[in-house]
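Remarks on the overall topology
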Amino acid sequence: MSRELGDGHRRFLQTLMAVGITDEQEARALYQHCCDTHTMQCIPDKLDDFIEAINSRLQPMFMQIRKGMSEENGRQYYALVNMAETDITRMTSDYADNELELFRKTLDLIVSSENGKASSTDILNSTDTMTSKKLKKSETEHLLTRLVQDNWLCERRGEYTLSTRCIIEMEPYIRTMYQEQVKVCHICHNIAFQCQICENPSCGIKIHNPCVARYFKGRVEPHCPACDDFWPHEIPGTNETSRYQNNVLYLLSPTRRSEVARESTSVLVGLCSCRK
Amino acid sequence: MTQRKRLSNVQSSSQSKRQSNSFMTQEEDEDATFTQPSTSQVQRGLEKLTAAQVDQKTAEVVQYILVKDQKKIPVRRADLVKHVIKDYRTVYPEIIKRAMQTFEQVFGLKLVEIDSKNHMYVLVNNLDASTARPSPVERPSNPKMGLLFVILSVIFMKGGVVRENLMWNTLKKLRVDPGQRHEEFGDVRKVITDEFVRQRYLEYVRVPHTEPVEYEFRWGQRSDMEVSKAQILEFMGQLLEQDPQSWTQQYREAHSTASSSQASSSNHR
């Protein structure tokens, strides 16, 4: 159903067009700002309704404001995406054919990797098997810089991952292209790249790193939600050292100390009573 | 998309006022063959099409213009007809009308024909740019816009036209040298005389009867629409710690109804 928009909606859309992607907190603040500026009513929890109204008018142009989770920090983000193409042709206006081929190869590397990363070395080596005009080393490096600048990839310490915006925008394409090959998070059911995998060979479920942190929060002994095997991986947000520290701290905590005091008192009492 | 230079012997006198490095392209040839259909032709054309078809074509036009406008280069009608409109030529005016409506209603943008002779369009912000409080999400700023703003200020304060030598000297004082590669802007001369001109922010016109050839700078059509002269004057006032009203002529021009109706307080998108 197509809804009537106000200047508040338009300002929100213009801003999102300019930045491409924004996190949930910023989106809420922007929603408030846009409504205030154009004296529109702003109901705090109705951001998604507000966006729905915009989406109803964007739909004929195959554009949408979509929500997705960052694999880095677990936060929700809103991105303006192009739904028209079922291919990577959404990038066509900015990249040459052979550059797009290399991007697809990088995507292949990331999808098939365990950690959702592709090293610059592996990407550079993949130019050997290019079918379109081969990219030179310097051209590949320059292309990777542009892909990061244009917010399709992220780079850290020589390794490349898909940006949150890329995942949100390309999810339908990736699901179609890679089908069974792409990992899916057992908890949130979205496609997963940076994730943990159950070590049980007959299970093998995947969970996003932030989803692991949320699901196993506070649990002393994590178990796979599917097969109940011990979950051997480090739970993000707590590391082994801190778990040990937590246990030790617990032992030295006031609660425990008073417990120990009570226990030892009763032992002493017991001993004393034995002697009698 | 390759564009070929052609000898412009057949340029009319009005065209010779434009930059001397203008060129005729294939697209302009095709545009010459596109004649605006009459109202009755449009009506008949619409009868043959379904509402869904017209909506679809409108959506394609909107998408196309949005992508093109990202680079700030005006959209040529000829390109639009060739790449998007195609078989829907007979209903072109209706499609453009609906596209304009979509831009206003959905995006708060205005599709403006910047050149009625050569039929070129640009997108301009329809929303009032000034807000009581700054936006919590800052749109990425382009440093080139800062450079442009300075250039526009110089031109405006100098009465609307500046010889290029004066401009280069002024910029050199700000350590922007057309002869040297700039850290932020790269090839400064190219940005100012080519990029800004193609984007219609500036006009770089040859001064007639000068030997050696000299050029002068004027505001471009996009600047007329997007940049507020009142804002420039405010900026100059702050910079030089003077009351904007002290520049009486410029103040009058900045606040005349003609210039203020074009660009209220809207700035670059």
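Quick caveat: nothing in here was measured; it's all calculated off a predicted structure. (Residues numbered from 1 in each chain as written. Chains lettered and ligands numbered in written order. Predicted model: local features only at pLDDT ≥ 70, side-chain atom pairs only at ≥ 80, totals over all residues. Heavy atoms only, no water.)

**Observations regarding the nonpolar core**
What counts, and what does not: Nine residue types can take part in a nonpolar core, namely buried Ala, Val, Leu, Ile, Met, Phe, Trp, Tyr and Cys, and a core is a set of them joined through side-chain atoms within 4.5 Å. Note on classification: 1.4 Å probe, protein chains only; a residue is buried when its accessible area is under 20% of the maximum for its type, exposed when over 50%, partly exposed between these limits.
Residues A:Phe12, A:Leu58, A:Ile65, B:Ile65, B:Leu80, B:Phe103 and B:Phe107 are the most contacted members of the largest nonpolar core, which totals 50 residues. Core analysis: the second largest hydrophobic core is formed by 33 residues, B:Leu171, B:Tyr201, B:Tyr204 and B:Val227 among them.

**Here's the deal with the pattern of salt bridges**
Applicable threshold: When a carboxyl oxygen of Asp or Glu is within 4 Å of a side-chain nitrogen of Lys or Arg, the pair counts as a salt bridge.
Under the defined criterion, the tally for this structure stands at 26 salt bridges over all chains. One connected set of salt bridges, linked through shared partners, spans A:Glu24, A:Arg28, A:Asp48 and A:Lys67.

**Topic: the sheet that holds strand β7 (residues 202-207) of chain B**
All names here are of chain B. Rules: We call two strands paired when DSSP finds no fewer than two bridges between them. Only DSSP runs of H or I with at least four residues qualify as helices, and only runs of E with at least two residues qualify as strands; both kinds are numbered from the N terminus onward. Here, two residues are considered to be in contact whenever any of their heavy atoms come within 4.5 Å of each other. The axes used here are C-alpha line fits, helices contributing only the stretch in contact, and every angle between their N-to-C directions lies in the interval 0 to 180 degrees.
Strands sit in the order β4-β8-β7 across an open sheet of three strands; the sheet is antiparallel. Every interior strand has two partners, whereas the edge strands, β4 (162-163) and β7, have only one. With six bridges connecting them, β7 and strand β8 (residues 214-219) associate as antiparallel partners. Following the sheet pairing, Tyr204 is matched in β8 by Phe217. Strands β7 and β8 of the sheet are contacted by helix α9 (residues 188-198), whose axis makes an angle of about 105° with β7.

**Looking at the interface of chain B and chain A**
As a reminder of what qualifies: The buried area of a pairing is the accessible area, by a 1.4 Å probe, that goes missing from both parts when the two are put together, added over both. Residues are grouped as follows: Ala, Val, Leu, Ile, Met, Phe, Trp, Tyr, Cys and Pro are nonpolar; Asp, Glu, Lys and Arg are charged; all remaining types, including Gly, are polar.
Listed as interface residues are 27 residues of chain B and, on the opposing side, 27 residues of chain A. Between chain B and chain A the total buried area reaches about 2,200 Å² when both faces are included, carbon and sulfur atoms providing 61% of it. Counting the contacts that link chain B with chain A gives one salt bridge. At the level of elements, α4 (51-70) and α6 (92-107) of chain B are the ones that each hand at least two residues to the side of chain B that touches chain A. For the side of chain B that touches chain A, the leading source of residues is α4(B), giving six residues. Classifying every residue of the side of chain B that touches chain A gives 13 nonpolar, eight polar and six charged.

**A short note on helix α1 (residues 7-19) of chain A**
Count 3.6 residues to each turn of an α-helix, and residues three or four apart come out pointing the same way. Residue and element names in this part refer to chain A. Selection rule: Here the expected span of a helix is defined as 1.5 Å times the quantity of residues minus one.
With 13 residues, α1 ought to run about 18 Å at 1.5 Å a step, and its terminal C-alpha atoms sit 18 Å apart, in line with that. Inspection of α1 places Gly8, His9, Arg10, Arg11, Phe12, Leu13, Gln14, Thr15 and Leu16 among the buried residues, and these make up the whole buried set. One or two steps after α1, the chain reaches Gly20, where phi turns positive at roughly 85°.

**Examining the domain arrangement of chain A**
Residues and elements named next belong to chain A. Inclusion rule: Marked domain ranges trace back to an automatic or database domain assignment. Counting of polar contacts relies on pairs of N or O atoms within 3.5 Å, with two restrictions inside protein: one atom must be capable of donating a hydrogen and the other of accepting it, and residues adjacent in sequence are counted only when both atoms are side-chain atoms.
Splitting chain A by domain gives domain 1 (7-82), domain 2 (89-178) and domain 3 (183-236). Residue-level contacts link five residues of domain 1 with eight residues of domain 3. Of the roughly 510 Å² buried between domain 1 and domain 3, counting both surfaces, carbon and sulfur atoms make up 46%. At the junction of domain 1 with domain 3, the criterion picks out zero salt bridges. Here domain 1 is connected to domain 3 by five residue pairs in polar contact (both at pLDDT 80 or more). Counted by class, the side of domain 1 that touches domain 3 contains one nonpolar, two polar and two charged residues.

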